[in-house]
Amino acid sequence: MAYENRDRVKIGLEIHVQLNRLKTKIFCGCTTNYHGDPPNTHVCPVCLGLPGALPVVNRRAVEYAIRVGLALNCGINEHTQFYRKNYYYPDLPRGFQITQYDYPIAQQGHVTIEGEDGEHMVRINRAHMEEDPGRLVHEGTIDRSKYTLVDYNRSGIPLLEIVTEPDLRSPKEARRFLDKLRNILEYLGVSDLDLEGSVRVDANVSIMDGNRTEVKNISSYKGAEKALLYEIVRQKNLIRRGKTVTQETRHFDEAREITVSIRTKEEAHDYRYFPEPDLVPLRVRDWVAKVKEELPELPDARKERFMTEYGVKAEHAKTLTGQLKLAQKKQ
Amino acid sequence: MSIDRVRELVDSVGIEEVLHRCSERIEENKLNTFITTDFEGALTRARKRDGNGGGRLQGVPVGVKDNISTRGIQTTCGSRILTGYVPPYDACVVERLKAEGAVIIGKTNMDEFAMGTSTETSYYGSVRNPWGRERVPGGSSGGSSAAVAGGEVPIALGSDTGGSVRCPASFCGVVGLKPTYGGVSRYGLISYANSLEQIGPIATSVGDVALLFDAIGGYDRRDSTSAEHEFDTSSALDSDVGVEGMRIGVPDEYFGEGTSGAVRDSVWNAIHTFEDLGATYEIVSMPHTRYALAAYYVIAMSEASSNLARFDGLRYGYRVEEGDWHTSFSRTRREGFGEEVKRRILLGTYALSAGYHDKYYLKALKVRTLVKRDFETAFKSCDLLLAPTMPYPAFKLGEKIDDPLSLYLSDVNTVPINLAGVPAISLPCGFEDDLPIGLQLIGNFFCEPTILRAAHCFEQSTDFHKRKPGDV
């Protein structure tokens, strides 16, 4: 039976994944293994954005990004380019973030999940590479601290931002999608998602074809479901009372499990994107074939194989392949 | 003074004495060429290297433009916002200079963030021209050029985003090269407009420029725009090959309305000198030249608006500590940047903004492609192009500084070269009222050997480079 989706819930996700299985940062030779180390100990002129220092693209990071792109059934752009996203924030040492805009590494893919009414296809809009900013450390709590310190150890950690189309129809589907993504990333060996800060989710939500809101600061998969549940109820209540939903960016307060407005459309940033002149466009065509060859068997394929080769029931095959460790044992 | 002469001096009187003479000269000249000098450090470094030297620049004092990162020596870009900033690392070119035995004696004065044509926008005061103290030395590498012209150092490094090496070389009667884009590593060069600029050598002769260029040029993996190309221009000068049969293009558009009569005459005399040496010339047309200036300023300012965003007082340099972060960083930038820098950040921000991006930035990029095509077409029939570097000799201090547009216009013959990315050299070819006039030779990509050889032949058969400035 087809899923009704009475409130016409539409959810699109933007997932930032740290490619933290890489040894070095995306534009310099500093280590990605900074967890637990004293602040500002894994930094150099490049990731500190010192005047005159220039970025150089980590080739392995590009290969990892291609790997994820292929696993998400995306097309890989033959020419890919980095852009500058200009905005001021103390965690951003250059005053701009090096990211991708036009010509991202991967575009137009899809992932199949177990949806509300059986198999459901979620389209992937794009996956693009970028650098993680530093980390702000507040004394005490954010609203009461007298000062803020900046730790640039995280500055330059390779990130992949994966953007879906608004194809998710419920918080549960969002959760399923994230689980599936986690599973794929685990198989690919590109990211250790158990590390703190290794995944961050922003969600775009609308109901009944109304305005959408963007919910930021979701730092766990469980949080994603909670944030979405809250946000949908909030929007429903507004509409029930005859009000319209404002297009705005909202912050998920994890402790209180609510979302709060941080800026409206009128206050939206103008990031003044333009091609990063310090990095030449990359021609990746020759890499794709190589990465394809090295691509491991992915969860869906392995599930199929367990069923046909070992006669495992679908349900069991799913459980077995749902975690890489279990799947390897069965092997 | 030549590199050879200085090396002889180092051998005869010793490095300490040579450095002492440099220091004395700077003090006597009072041209305000250096923002920071470091003779003590220079001597220590030079002594450390004593005995294991075999470098091509062993013991040769050098001035480095203050937008090039030097470990342990303050690097300000001529701006208040970088006062007190001491970089923890050396630029690629500085490493290479040191490897060749050169002794960095200090950092030369410049227009703030290289934004200027007269070195009058420096927070550390204007530089005077050794040919006339009331004249500007050109810019933005005015400190480097005036120091070389004034005999303070035999060689210096500048940077050229839209003419910043060639303009002051022209105004100060010395030789300056803007290399092919990607020819010299920009690692450590504090960006003004990344897609346009190159570090370039300045010296009193073509031979010395070639030697300095060979020392700093070539591939560097830390700069992604660096070309995998090694240069050996010095040996191109040593060979017996002259300019016999060389085809010179003279672009009509480079002799525009504002060109002074004396500049026109001197450059035409130079053309005839080349004819006498066996070269041929033809008038060529580069129709998009008239749009180059506008496109250049849009692109340069756009890139600058982003490049200069990092100066917020948080990590280094000048800082106003007041209020929260927003207040602190905006006051830091308000006080730390000068007028011209703010003007360019504002205009660049505007050009990149939503709604204006296509109209200005994107359009400028399209013009850039057309300008580049002009050069491609010209180089199909010519080995090099010849034109005045600047439309006129050095103007007076204060004469143009309050009229930015007139200052921008004086870059008309230098900026197309940066848009195209090709190399060009400026060398003396005459005088007007005892002020030097510069001749510009423009080559195809990576054809530094061609333009240096032509420049060398011209220098050998003329006396302009032998005349010494009168006001030092």
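Predicted model only: the values in this text are computed from it and were never measured.

Draft legend 1. Quick look at the overall build of chain B. Across its full length, chain B carries 16 helices and eleven strands. Rg of the C-alpha trace for chain B: 21 Å, near the compact-globule value of 23 Å for 472 residues, within the 12% margin. Principal-axis analysis of the C-alpha atoms gives chain B an extent of 70 × 60 × 45 Å. Here chain B holds 472 residues, and the buried ones make up 61% of them.

Draft legend 2. Structural detail: the overall build of chain A. From N to C terminus, chain A includes seven helices and 16 strands. Whereas a compact globule of 331 residues would reach a radius of gyration of roughly 20 Å, chain A reaches 21 Å, a difference of no more than 12%. Expressed along its principal axes, the backbone C-alpha trace of chain A runs to roughly 60 × 55 × 35 Å. Within the span of chain A, comprising 331 residues, buried residues form 39% of the whole. In chain A, the share of contacts with a sequence separation of at least 24, taken over all contacts with a separation of at least 6, comes to 70%.

Draft legend 3. A look at unusual backbone geometry. A cis geometry characterises the amide bond from Gly139 of chain B onward to Ser140 of chain B, with omega recorded as 5 degrees. Along the chain, the position of Ser140 of chain B falls in the loop between β3 (103-108) and α5 (142-149). The phi angle at Asn73 of chain A is positive, at roughly 60 degrees, despite the residue not being glycine. With respect to the helices and strands, Asn73 of chain A occurs in the loop between α1 (59-71) and β2 (75-76).

Draft legend 4. Quick look at the nonpolar core. Of all hydrophobic cores here, the largest spans 213 residues; its most connected members are Ala203 of chain A together with Val62 of chain B. The element contributing the most residues to this core is helix α10 (residues 289-307) of chain B, with ten residues. Sequence-distant contacts of Val62 of chain B, that is, excluding residues within four places in its chain, are made with Leu97, Ala102, Val103, Ile104, Ile105, Val153, Ile155 and Ala156 of chain B.

Draft legend 5. Quick peek at helix α13 (residues 358-381) of chain B. Its 24 residues give α13 of chain B an end-to-end C-alpha distance of 35 Å, which sits within 8% of 34 Å, the value for a rise of 1.5 Å per residue. Here α13 of chain B has its buried residues at Tyr360, Tyr361, Ala364, Arg368, Val371, Asp374, Phe375, Ala378 and Phe379 of chain B.

Draft legend 6. Region of the structure containing the packing of helix α2 (residues 171-188) of chain A against helix α3 (residues 221-240) of chain A. Residues and elements named next belong to chain A. It is at 9 Å that the axes of α2 and α3 come closest, and there the two elements cross at 160 degrees. Classified by the interaxial angle, the pair formed by α2 and α3 is roughly antiparallel. For the pair α2 and α3, the sense of crossing is right-handed. Contacts from Pro171, Ala174, Arg175, Leu178 and Asp179 of α2 reach α3 at Tyr221, Ala224, Glu225, Leu228 and Leu229. Of the residues contributing to the contact of α2 with α3, the split by class is seven nonpolar, no polar and three charged.

Draft legend 7. Representation of the interface of chain B and chain A. Contact with chain B, which involves 31 residues of that partner, is made by 24 residues of chain A. Elements that contribute at least two residues to the side of chain B that touches chain A include exactly α10 and α12 (339-352) of chain B. No other element matches the three residues that α10 of chain B contributes to the side of chain B that touches chain A. Looking at side-chain class alone, the side of chain B that touches chain A contains 13 nonpolar, ten polar and eight charged residues.

Draft legend 8. Here's a closer look at the environment of Ile11 of chain A. Residues and elements named next belong to chain A. Mapped onto the elements of the fold, Ile11 is located in strand β1 (residues 10-18). On a C-alpha basis, the gap between Ile11 and Cys30 in space is 37 Å, while along the polypeptide they are 19 residues apart. Apart from the residues within four sequence positions on either side, Ile11 is in contact with Pro166, Leu168, Ala174, Ala203, Asn204, Val205 and Leu228.

Draft legend 9. Here's a closer look at the sheet that holds β2 of chain A. All names here are of chain A. Strand order in this open sheet of nine strands is β2-β6-β7-β10-β1-β11-β12-β13-β14, and the pairing throughout is mixed. Looking at which strands have only one partner, the edges of the open sheet turn out to be β2 and β14 (258-264). Sheet analysis places β2 next to strand β6 (residues 106-115), joined by two bridges and oriented antiparallel. Bridge pairing in β6 places Gly75 opposite Gln107. The strands that α1 touches are β2, β6, β7 (118-131) and β10 (158-164); relative to β7, the one it contacts most, it runs at about 165 degrees. Against the sheet, α2 contacts β1, β6, β7 and β11 (199-206), and its axis sits at roughly 115 degrees relative to β6.

Draft legend 10. Fine view of the domain arrangement of chain A. All names here are of chain A. Here chain A is described as being made up of domain 1 (10-296) and domain 2 (297-331). Contact with domain 1, which involves six residues of that partner, is made by five residues of domain 2. The residue makeup of the side of domain 1 that touches domain 2, split by class, is four nonpolar, one polar and one charged.

Draft legend 11. Inspection of the sheet that holds strand β5 (residues 96-99) of chain A at higher detail. Residue and element names in this part refer to chain A. Within the open sheet, the three strands sit side by side as β5-β4-β15. Their pairing is antiparallel. Edge positions in the sheet fall to β5 and β15 (274-275), since each of these pairs with one other strand and no more. Relative to β5, strand β4 (residues 83-86) is paired through four bridges, and the arrangement is antiparallel. Along β5, the bridge assignment pairs Tyr83 with Thr99.

Draft legend 12. Main features of the confidence of the model for chain B. Of the residues in chain B, 99% reach a pLDDT of 70 or more, and the chain-wide mean stands at 96. Across the interface, the model reports ipTM at 0.95; the global pTM reads 0.95.

Draft legend 13. Spatial organisation of the environment of Pro449 of chain B. Residues and elements named next belong to chain B. Tracing the backbone shows Pro449 in helix α16 (residues 448-460). By the C-beta count within 10 Å, which is 20 here, Pro449 ends up buried. The spatial distance from the C-alpha of Pro449 to the C-alpha of Ser235 is 8.7 Å, given a sequence separation of 214 residues.

What counts as what
Residues numbered from 1 in each chain as written. Chains lettered and ligands numbered in written order. Predicted model: local features only at pLDDT ≥ 70, side-chain atom pairs only at ≥ 80, totals over all residues. Helix = DSSP H or I, 4+ residues; strand = E, 2+ residues; numbered from the N terminus. Rg over C-alpha atoms; globule rule 2.2 N^0.38 Å. Buried ≥ 20, exposed ≤ 12 C-beta atoms within 10 Å, placed from the backbone. Contact = placed C-beta atoms within 7 Å. Core = buried A, V, L, I, M, F, W, Y, C linked by C-beta atoms within 7 Å. Expected span 1.5 Å × (residues − 1). Axes fitted to C-alpha atoms, helices over the stretch in contact; angles between N-to-C directions. Parallel < 35°, antiparallel > 145°, perpendicular 65-115°, else oblique. Left-handed = near helix turned anticlockwise from the far one by under 90°. Nonpolar A, V, L, I, M, F, W, Y, C, P; charged D, E, K, R; others polar. Pairing = 2+ DSSP bridges. Domains from an automatic or database assignment. pLDDT = per-residue confidence, 0-100.

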